[in-house]
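Inside the fold
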Amino acid sequence: MMNVCLHILNASGALGTVATFIEDEFTKSLKKISSALSVSDVDVVVYDNSKGVIPEVGIGGYSPNGHVMFLYLDATSSILKKTIQEQLKKTLAHELHHCMRWRNPGYGKTLLEALVSEGLADHFDLEVNGGNLQPWCTALDKEEMATFFRKAEREYYAKKYDHRAWFYGSTKEIPRWTGYTLGFDLIKKYLAKHPGESVASLVDKPADMLEKT
């Protein structure tokens, strides 16, 4: 573990009552994550941003590149401390896997690449933390899975795919979180065929290699 720095933005004092708790959970979680994946040179920025929070889990995260991740909390939540305890480790694992993948081969510019990157990140959380799956990993039933896999396959290599629709849903055509569920299933099937692999070992593997093997 090298130079993974936590920055809690708290000039307003909004996170003042939980800042130390965030630091403690971050330290514990990072130690566990680093035992599975070599993580280095990342700034982790935590701040009060209720609009960035996923309502079902009370937290949100985003990694725009290989060296920065943002973690969003709702300082007004009545269960903020519980959310930090249960979800910070999961979001941290997910987003740090993204950070390391950003460096090689990158998050991805096609639908397939995005599906694989998200599926890997969710499986890495599961590999490190165990516990229940996040709700976006199982957002479709069996019939919907088959339908949207067929639709996705036609767009796998499209660079102008609608990322927001595939991952956050569109009002008419694609249910919310479809991309996350498909990506999780792709990686689940790959790991079943390759029991010697781990999600950490796949962090640098190109998406098309995962899809074809």
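Up top you'll find the structure we're talking about.
My aim in this report is to walk through the structure given alongside it, one point at a time.

With the rule as written, the count across this model stands at five salt bridges. Here K28 and E25 are joined by a salt bridge, their closest N and O atoms 3.1 Å apart. One end of the pair, K28, and the other, E25, are both in helix α1 (residues 19-36), three residues apart, so they sit about a helical turn from each other. Note on E25: relative accessible area 7%, which makes it buried. Its salt-bridge partner being D125, residue K90 comes within 3.0 Å of it at the nearest N-O pair. Taken as a pair, K90 in helix α2 (residues 80-103) and D125 in helix α3 (residues 111-129) lie far apart in primary sequence, 35 residues in all. What makes D125 buried here is its relative accessible area of 3%.

Here we take up the packing of aromatic side chains. Aromatic rings considered in pairs are described by the distance between their centres and by the relative angle of their planes. Tallying each qualifying case throughout the model produces eight aromatic pairs. The interplanar angle of 70° and the centroid separation of 5.8 Å between the aromatic rings of W136 and W177 together place this pair among those described as edge-to-face. Of this pair, W136 sits in the loop between α3 and α4 (142-153) while W177 sits in the loop between α5 (163-168) and α6 (178-193); the two residues are 41 residues apart in sequence, bridging distant segments of the chain. By relative accessible area, W136 is classed as buried at 8%. Note on W177: relative accessible area 10%, which makes it buried. Pairing Y156 with Y157 gives two aromatic rings, centres 6.4 Å apart and planes at 90°, and the pair type is edge-to-face. Each residue in the set W136, F167, Y168, W177 and Y180 is aromatic and connected to the rest through ring pairs, giving one cluster.

In helix packing, the relevant descriptors are the interaxial angle and the interaxial distance, both defined with respect to the helix axes. Here α1 crosses α3 at 105°, and the two axes come no closer than 10 Å. With respect to their mutual orientation, α1 and α3 come out roughly perpendicular. Side by side, α1 and α3 meet where K32, I33 and A36 of the first sit next to F124, V128 and N129 of the second. Among the residues forming the contact of α1 with α3, the class breakdown is four nonpolar, one polar and one charged.

Its 12 residues give α4 an end-to-end C-alpha distance of 17 Å, which sits within 8% of 16 Å, the value for a rise of 1.5 Å per residue. Those residues of α4 not exposed but buried are M145, F148, F149 and A152. What you see down the axis of α4 is that its buried residues fit within an arc of 110°, all on one side. Residues of α4 that are buried in the fold lie against α3, α5 and α6. If you check the start of α4, you find a side-chain oxygen 3.2 Å away from the backbone N of E143, and it comes from D141.

Before going further, it helps to spend a moment on the nonpolar core. Residues L73, W166 and L182 are the most contacted members of the largest nonpolar core, which totals 62 residues. Setting aside residues no more than four positions away along its own chain, W166 makes contact with L111, F148, K151, A152, E155, Y161, I174, W177, T178, G179 and L182.

Let us now look at the side chain of H98. If you trace the backbone, H98 turns up in helix α2. You can call H98 buried: its relative accessible area is 5%. Setting aside chain neighbours within four positions, we find H98 in contact with S63, Y107, S117, E118 and A121.

About the criteria used
- Residues numbered from 1 in each chain as written.
- Predicted model: local features only at pLDDT ≥ 70, side-chain atom pairs only at ≥ 80, totals over all residues.
- Heavy atoms only, no water.
- Salt bridge = Lys/Arg side-chain N within 4 Å of Asp/Glu carboxyl O.
- Helix = DSSP H or I, 4+ residues; strand = E, 2+ residues; numbered from the N terminus.
- Buried < 20%, exposed > 50% of the residue type's maximum accessible area, 1.4 Å probe, protein only.
- Phe/Tyr/Trp six-rings, centres within 6.5 Å; stacked < 30°, edge-to-face > 60°.
- Axes fitted to C-alpha atoms, helices over the stretch in contact; angles between N-to-C directions.
- Parallel < 35°, antiparallel > 145°, perpendicular 65-115°, else oblique.
- Contact = heavy atoms within 4.5 Å.
- Nonpolar A, V, L, I, M, F, W, Y, C, P; charged D, E, K, R; others polar.
- Expected span 1.5 Å × (residues − 1).
- Arc of directions from axis to C-beta.
- Polar contact = N/O pair within 3.5 Å; in protein donor to acceptor, adjacent residues only side chain to side chain.
- Core = buried A, V, L, I, M, F, W, Y, C linked by side-chain atoms within 4.5 Å.

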